[in-house]
Amino acid sequence: MEGRGATPRTFMSFLNVFKTIFTSKVQQAQNELGSLKGGLAKLVEASETVDSLSRDAAVNRDQLQKAKARANEMMKQIEEKMQDAATKREEMKQLSDQLQGEKQKTQNQKEVIEEKLSKIQPILDQARLAVEGIQKRNIDDIRILQKPSQTIGDIMEGVVRLLGHTEVSWNSIRNFLAKPGVVSDIVHYDPSSVSPEVRAAVEAHLKDKKASFEHEKAMFASQAAGPLAQWVKAVVSYAQVKHSIAPLEGKLAKANKKLLIAEKKITTLQINLEELNGEIEKMRQQYQEITEEAMKHKIALDDTERVLNQAQMLMGKLGGEHARWEARAKEIEEQLRDLPAGSVLAAAFITYMGGASEDERQGTVEKWKEISNLKGWCFTRFMSTETEIVTMRKDKLPTDDLSTENALIIKWTPGVPFIIDPSSTSIEWLKAYIGEQTNRFEVMTQEDPKFVNKLELAIRFGKTLLIQEVDKIHPILFPVLRQDFIKQGPQLSVQIGDKAITFSEDFHLYLSTRDPQPDLSPDSRALICEVNFTVTRSGLEGQLLGITLQNEKPKLEQEKMASLLQEEKNKQEMVNLEAQLLEQLGQAKGNVLQNQQLLDSLNETKRKSAEIEKSLAASQQMQEELDRQRNVYRRIAKYGSALFFVLTDLGKINHMYHFSLNSFLPLFHKALKSVGPTTAADSVTAERADVTVKRIDAITDTLKRYLFDYVTRSLFKADRLMFAMHLVHSIETHLFQPKEWELFTGLLAGAAYPKSDRFPTWAPKDRAAQFAELDANLPKVIVSMSLTDSEWTGWSIHSECETAFPQKIKGKCTPFQRLLLLKALRPDRLESAMSIFCGEALHLPGLAPPALSLHRLYNDGDTSAGVPTLLITTPGADPSQELEELAERVVASGNCTAIAMGQGQQDAALAAVRHARRDGTWVVLKNLHLAVSWLPALEMELNAPELPHDSFRLWLTTEPHPKFSTILLQNSTKITYEAPPGLKKNLERTYESWGADFIAKGGVLRAQTLFVLAWFHAVVQERRKFIPQGWTKFYEFNEGDLRAAAEMIDKLVQQPSIDWTTVHGLLENAVYGGRVDNIFDSQVLQHYLRTYFSGDLLSHQGPRRPLAPKVELPRSVDYRDYSSLITRLPTTDAPSLFGLPPNIDRSLQRTNGVRVVAQLKSLACATAGEGTRSLERAQLEPLVTAWRALVQDRRALAQPLADSDTDIDTGATGPVDSFVTMEACAGRALVAQVDATLAAVADFAAGRAPLPSDAAAAAVALVAGAVPAAWDARWEGPEGARQWMAGLVKKTVALDSWLKRAKEKTLLGTPLNLGDLFRPATFIDALRQHSARAAGLPLDALRLDTAWSSSPKVAASTKGPCAVIEGLLLQGCAFDGNRVAEAQPSAPELIQAPYCVLQWVSSEDTSSGDASSAVSVPLYENLQREKLVTVLAMPCAAGSRERWSLAGVALFLGEE
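This one's a predicted model, so the numbers in the text were calculated from it and none came from an experiment.

1. Quick notes on unusual backbone geometry
Here the amide bond leading from Ile1027 into Pro1028 is cis, since omega sits at 10°, within 30 degrees of zero. Mapped onto the secondary structure, Pro1028 falls in the loop between α39 (1004-1022) and α40 (1039-1052). With phi around 55°, Glu469 is a residue other than glycine that occupies positive phi space. Here Glu469 lies in the loop between β3 (464-468) and α17 (478-482). Glu469 sits in the buried class, given a relative accessible area of 10%. Phi angles above zero are rare outside glycine, and Ser786 is one such case at about 50°.

2. Observations concerning the side chain of Asp1316
Here Asp1316 shows up in the loop between α50 (1281-1303) and α51 (1320-1335). Despite its burial, Asp1316 remains without a salt bridge, the nearest opposite charge being carried by Arg1301 at 5.4 Å. Engagement of the side chain of Asp1316 in a polar contact is seen with the side chain of Trp1298, the distance being 3.3 Å. Other than its neighbours up to four places away in sequence, Asp1316 contacts Lys1291, Ala1294, Leu1295 and Trp1298.

3. Notes on the packing of aromatic side chains
Within this structure, the stated rule accounts for 51 aromatic pairs. Aromatic side chains Tyr991 and Tyr1122 sit 6.1 Å apart centroid to centroid with 20° between the ring planes, which places their arrangement in the stacked category. Taken together, the residues Tyr991 in helix α38 (residues 983-999) and Tyr1122 in helix α43 (residues 1119-1128) connect sequence positions 131 residues apart. Taking the relative accessible area as the measure of exposure, Tyr991 reaches 1% and is therefore buried. Residues Trp1271 and Trp1284 carry aromatic rings whose centres are separated by 5.4 Å and whose planes lie at 20° to one another, so their mutual orientation is stacked. Of the two residues, Trp1271 is situated in helix α49 (residues 1269-1272) and Trp1284 in helix α50; the sequence distance between them amounts to 13 residues.

4. Here we look at the sheet that holds strand β6 (residues 499-503)
Two pairing modes exist for strands in a sheet, parallel and antiparallel, and in both the strands are linked by backbone hydrogen bonds. Pairing is antiparallel in the open sheet, where 3 strands are placed in the order β4-β5-β6. For this open sheet the edge positions go to β4 (485-488) and β6, each flanked by a neighbour on one side alone. For this sheet, the mean inter-axis angle between neighbouring strands, taken without regard to orientation, is 40°. Note that strand β5 (residues 491-496) and β6 share 5 bridges and pair antiparallel. Each bridged residue has a counterpart across the sheet, and for Val494 the counterpart in β6 is Ile501. Sheet strands touched by helix α16 (residues 451-461): β5 and β6. Its angle to β6, the strand with the most contacts, is close to 40°.

5. Some details on helix α23 (residues 661-674)
Under the 1.5 Å per step criterion, the end-to-end length of α23 is 20 Å for 14 residues, consistent within 8% with the ideal 20 Å. When we look at burial in α23, the residues that qualify are Leu661, Ser663, Phe664, Leu665, Leu667, Phe668, Ala671 and Leu672. Each element contacted by the buried residues of α23 is listed here: α19 (537-552), α22 (634-649), α25 (690-712) and α37 (966-970).

6. With respect to the pairing of strand β12 (residues 953-958)
In terms of burial, β12 is largely enclosed, as 6 of its 6 residues are buried. Burial along β12 is two-sided: Arg953, Trp955 and Thr957 and Leu954, Leu956 and Thr958, pointing in opposite directions, are all buried. Pairing of strand β9 (residues 869-873) with β12 involves 4 bridges; the strand directions are parallel. Considered in β12, the bridge of Thr869 is made with Trp955.

7. Concerning the pattern of salt bridges
Summed over the entire model, instances satisfying the criterion amount to 38 salt bridges. A salt bridge links Lys463 to Glu442; the nearest nitrogen and oxygen atoms lie 3.0 Å apart. In this pair, Lys463 is assigned in the loop between α16 and β3 and Glu442 in strand β2 (residues 441-445), connecting sequence segments 21 residues apart. For Glu442, a relative accessible area of 18% gives the class buried. One salt bridge connects Arg1228 with Asp1296, and the closest N-O pair in it is separated by 2.9 Å.

8. What to know about helix α34 (residues 880-890)
Regarding α34, the residues found buried are Ser880, Leu883, Leu886 and Ala887. Within α34, the buried residues cover an arc of 125° as seen down the axis, which keeps them to one side. Buried-residue contacts for α34 involve α33 (854-859), β9, β10 (896-900), β11 (922-926) and β12.

9. Remarks on the environment of Lys81
With respect to the helices and strands, the residue Lys81 is situated in helix α1 (residues 8-132). Judged by its relative accessible area of 32%, Lys81 falls in the partly exposed class. Residues Lys81 and Met283, spaced 202 residues apart in sequence, show a C-alpha to C-alpha distance of 9.0 Å. Look past the residues within four positions of Lys81 in its chain and what remains in contact with it is Leu276, Glu279, Ile280 and Met283.

10. So, the confidence of the model for the protein chain
Of the residues in the protein chain, 86% reach a pLDDT of 70 or more, and the chain-wide mean stands at 82. Of all helices and strands in the protein chain, the one with the weakest mean pLDDT is helix α24 (residues 683-687) (44), whereas strand β23 (residues 1450-1452) scores best (95). Confidence over residues 679-686 falls short of pLDDT 50; this stretch has 5 contacts with residues more than four positions distant or in other chains. Within the model, pLDDT remains below 50 along residues 1169-1175, and this stretch shows 20 contacts once partners closer than five positions in the same chain are excluded.

11. Examining the sheet that holds β9
In space, the 5 strands of this open sheet follow the order β10-β11-β12-β9-β13, with parallel pairing throughout. The open sheet terminates on both sides in strands that have one partner only, identified here as β10 and β13 (973-977). Averaged over all adjacent pairs, the angle separating strand axes in this sheet is 15°, with direction ignored. The sheet contacts of helix α35 (residues 906-919) involve β10, β11 and β12, and relative to β11 the element is tilted by about 155°.

12. What about the packing of helix α13 (residues 386-394) against helix α14 (residues 401-412)?
For any two helices packed against each other, the geometry comes down to the angle between their axes and how far apart the axes lie. Contact geometry for α13 and α14: axes closest at 11 Å, N-to-C directions at 100°. Our classification of the angle between α13 and α14 gives roughly perpendicular. Every residue of α14 that contacts α13 at Ile389, Met392 and Arg393 is listed here: Asp401, Thr404, Ala407, Leu408 and Lys411.

13. Here's the deal with the pairing of β3
Where burial is concerned, most of β3 is hidden: 5 out of the 5 residues are buried. Where burial is concerned, the two faces of β3 agree: the one with Thr464, Leu466 and Gln468 and the one with Leu465 and Ile467 are both buried. Here 5 bridges tie β2 to β3, and the two strands are oriented parallel to one another. Looking at the pairing, Val443 lines up with Leu466 of β3. Each parallel crossover has a hand, and the one from β2 via α16 to β3 is right-handed. Bridge analysis of β3 against strand β7 (residues 508-513) gives 4 bridges, and the strand direction is parallel. Along β7, the bridge assignment pairs Leu465 with Leu509.

14. Observations regarding the packing of α39 against α43
For the pair α39 and α43, the least separation of the axes is 11 Å and the interaxial angle reads 30°. As far as their axial angle goes, α43 and α39 are roughly parallel. Relative to α43, the crossing made by α39 is right-handed. The segment α39 lies against α43, with Val1004, Ala1007, Gln1008 and Phe1011 engaging Tyr1122, Leu1125 and Ile1126.

Conventions used here
- Residues numbered from 1 in each chain as written.
- Predicted model: local features only at pLDDT ≥ 70, side-chain atom pairs only at ≥ 80, totals over all residues.
- Heavy atoms only, no water.
- Helix = DSSP H or I, 4+ residues; strand = E, 2+ residues; numbered from the N terminus.
- Buried < 20%, exposed > 50% of the residue type's maximum accessible area, 1.4 Å probe, protein only.
- Lys, Arg positive; Asp, Glu negative; His and termini not counted.
- Salt bridge = Lys/Arg side-chain N within 4 Å of Asp/Glu carboxyl O.
- Polar contact = N/O pair within 3.5 Å; in protein donor to acceptor, adjacent residues only side chain to side chain.
- Contact = heavy atoms within 4.5 Å.
- Phe/Tyr/Trp six-rings, centres within 6.5 Å; stacked < 30°, edge-to-face > 60°.
- Pairing = 2+ DSSP bridges.
- Axes fitted to C-alpha atoms, helices over the stretch in contact; angles between N-to-C directions.
- Expected span 1.5 Å × (residues − 1).
- Arc of directions from axis to C-beta.
- pLDDT = per-residue confidence, 0-100.
- Parallel < 35°, antiparallel > 145°, perpendicular 65-115°, else oblique.
- Right-handed = clockwise from strand over helix to strand, strands pointing away.
- Left-handed = near helix turned anticlockwise from the far one by under 90°.

Right, here's the structure in full:
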């Protein structure tokens, strides 16, 4: 437990916690096991009773079956008779139903006939009545007619035809009429007897003689003719009807016949059925007698079966419980066996893991589980129940596992919890938890004026204290934390200050802080239990999901919580019911099967259990559905969580870039609110969830934009590109293939790569190694690019190659792969390429935040009373004027108090803040970097319990400071306030600070000299933009330098003449030059001083030359003239203004690009190793793999050199050979050291051996991606561990070659690469010693002479010892081997220098030419210009040496 407070005190605490947990768990397990075993015993007893009853029931059942057999036989006979009777009864019923149907049908037919006849019968009756009224004389009148009228003849013909006479002559008719009773015959004639033929003939007659049968006409013809005509028509009509119903009448007759037959059959069946019923009744009486006999047997069986059924019911219902209880009992017995080990793990977790991060906890617990063989052990499941967890979350505990673990640690730790919670998310839960324990609860801070008094009262009266904002533990608390109790009789007391306070056992203390890294001494940590609530990804995701659902689906989250609570309530009720069930069984006396009250109670319990199980199943389904709906919005939460942790990473780059969750959440809320709800027009797509997806996309895009703008305004410009790249890599992971990011940042493990066969001929030779690394790791990508095509030649020299990739490759490789290629071959455009890549990936127009003013910041609501606004400034940037203008506009100057922090201002500042919070005014506190130790007091004032006035605003300004309060940084709205770049802006700031009165004080010479001073000040400051070519490092040229120089000039110009040499000396040695520690930077400064402060520019007679191209000094003291000149200056500075080469932009881009990559690498290393105090296998194995890959074919490198290898005749070239031998031996020794360390690390990572103490520090550094200090002390190579190891092997291999050539006496005759050496400067000294011996001269009588040639054979023509150096890189100019020349704007920033011949010659030797025609060029180990190897002379035009010094011309052994 190294680094986790493993002290004797904590170990004793661990033992106490173990005892408490183990005792509690054992008691709990034994109680449960006892209940289970008691219940199981009763179930076994009941099972045995069931077996006995089953045997008795079987005997009784056999006797009953025999009695039933006889009854069944009789019943069978009865059933047969009854079946026969039922058959007859059914048949009779069917006949009756059929008869009834036929009767109804017959009746219907009869009614139809009667209906039809009823319509014609009145007509016929009326006609008969009319005929009866005919008098005899009326008949005679007709009969006597010899020739009747047509009407009479037609009527009488119809009459006789109807009466059946076929002869219808008038004589025949007369004879018919002569018969006696003719009228009676007609009246009583049966119309139904009319035959169809007669009816048809008469119908035809009526139709033909229609007019004769008209009533008026017939009556007119004769008194008898009218009625007879009426009768004829009536009879014919009746006959017609009769004819139409003739079929119906036939059917009616047949139906009546069938009815008679059916009635007879029914009568017969009725008689048979009565006889059969009589037989059945007799058989029933016999069956009754048999049944009564069987019933006697059944009654005896029922008593036995009743008890048996109750037993079987009980056993059936408790069958599931029986199996579960047995399994649970077995599980508890197993848990009891594992309980000691589990309790040890839980106690260790509570004692040692509270302050660990989530990753460290997981790694440590996995190791513990492996050691203890408890594979499935889980701290939260071991120490709590689901109900407890849900209750804690209901009380506002965050839902992540880390918070749950921390809550359990707080509950169980015997020590004082020290809660580290930067976002204060746990405090609400803590207050609720403490409130459940006691109502004597108080919250305060250590800065409370009554702190000591409240502490004494709490200790005396047993109150609970929560002390917040504890960045450092107050000394007065130590006796309480150490439990330094004094026993006074039965009571305990503790010393608080100078008082002995009676100690109450009910006193409890909790400490909390928002500082993620509180200042706790080791002895303080041993007295507390750290509990780290730092937000985790999973925890934040859950929190953001809740916020999202509250905005998008507010009812959903309420339903989720209500469902969880109900589910836990049901589960608890199930547990209670089961406990009740076990208790009832365990307490039952005698035979449980005879205890009806117990059985009823068990049945009720089982009924409730079934209902609860059903409710739980429904709840589970509801939970799944709610989770499905919630997960729709999880992408927003996961995206927001990823963005927040991108923010937190920034603090590892710059201390001022600390952000808190409280600053992120408003952005999250704002993004949710800014995206409007789904419109009605989208309802169709909303049904397919397309609108939801689009809304989620819109929210994530909006959140990304808000966060990017918020963060970039808090970052310095130089860090914005780094943030953008880190953001892209973190949230747009689909843009990166495996290994690509590691390759880009230099984290990829691998051997020293051989030169690639695919290295394009158009590429600079110095990029071969970088291309080889790219080709070795992404060969398919390189092949797909077809780099040999002619299109690439133009790309290689294009001034903006990042936008000029050949069109044909755009579909063959990803944007990031193109960026990798550009980094390898065109690093001079890397910065621009990264900017374009980030803009496209993030869908942003640019990486700069929107233009921001303090007035806009205030109007947009980005300031509030509860959050101070922190303006992080750089030298030359002062927001005071803008703040004053804003205050004047908003609150008037009288309501804004500005205080410049310094000695003695702290109390005034606190008082001003206190009054402003109360009154709603503004406070501006400037230069907080001068009072960082006072900032905790300011934090406490801002966290006072009284809410500030809504109009209160606190504005803070500071320069970056490594010890600035982290809490204040996290809880402020940060704005970086940088001075605008460029000479023009610099001059404007200077003249704005000087003012018109200051310029007009003296004469013209003074005003001009002050302008030149301002120009010089701007030049030396703005040249810093081009570090390391402009200056080799950052020099703090500030306003103090300008002020001191201005005061000095103010005095000098009052003299009759100015001694410019004195001015140069004062400015160089006393003011500006006092900070410059590089000789070549000093030369640049001296040149500027000689150029600007000279008599040919400044004199009483006026300037003789311009200050710069198109910059003529005004000949006045008018401030406006100088302001006008500044206004006319271009906004963009040409490199020539600084004396830098035209292609300096390429160097600047490379430098900036390298810086960004280095930052990303540092960020990746810090992120991978953060919080991991235990070394993880996954982090160490890649490093071991990288080393093995480097030395797999070179194992001899780890062995000392053989004597034969070091046995060199050093007589001729002793110093050089000795140096090479020592260098080779040192390389081998360092390889052996690295190999041994990594072997120990590999054994540790594989679990084969513990980590030795000497390798522990190295392992910690390696996990962080850094070079172990023990290695770096022997060779200060690249900063990254992987690059350092590769460089070590490369140099050691090369030194073997050097040693071989030294032994063969060919070392100084062949080209040498000084980059192969660990100490190249020492080689130059060794060569000097060798040359001094050869020439017989002292060392100080020699000077280093250089010659340049395109051929390595130049050494053969050189007299005396010399070394031919190859592989040098040149920056800042062009060089063809004859003389240096100005580089073209399109020229590469680095070129390969020709072979350089180094020779130490006599100082008096002038054969090398005029010294004025050569410039001294520094040779550095790498592009960072940190380690100077030597100074080489390069030929140049006469008198141009200073020009090349200004251009920053330098040589390098390599890029890294």
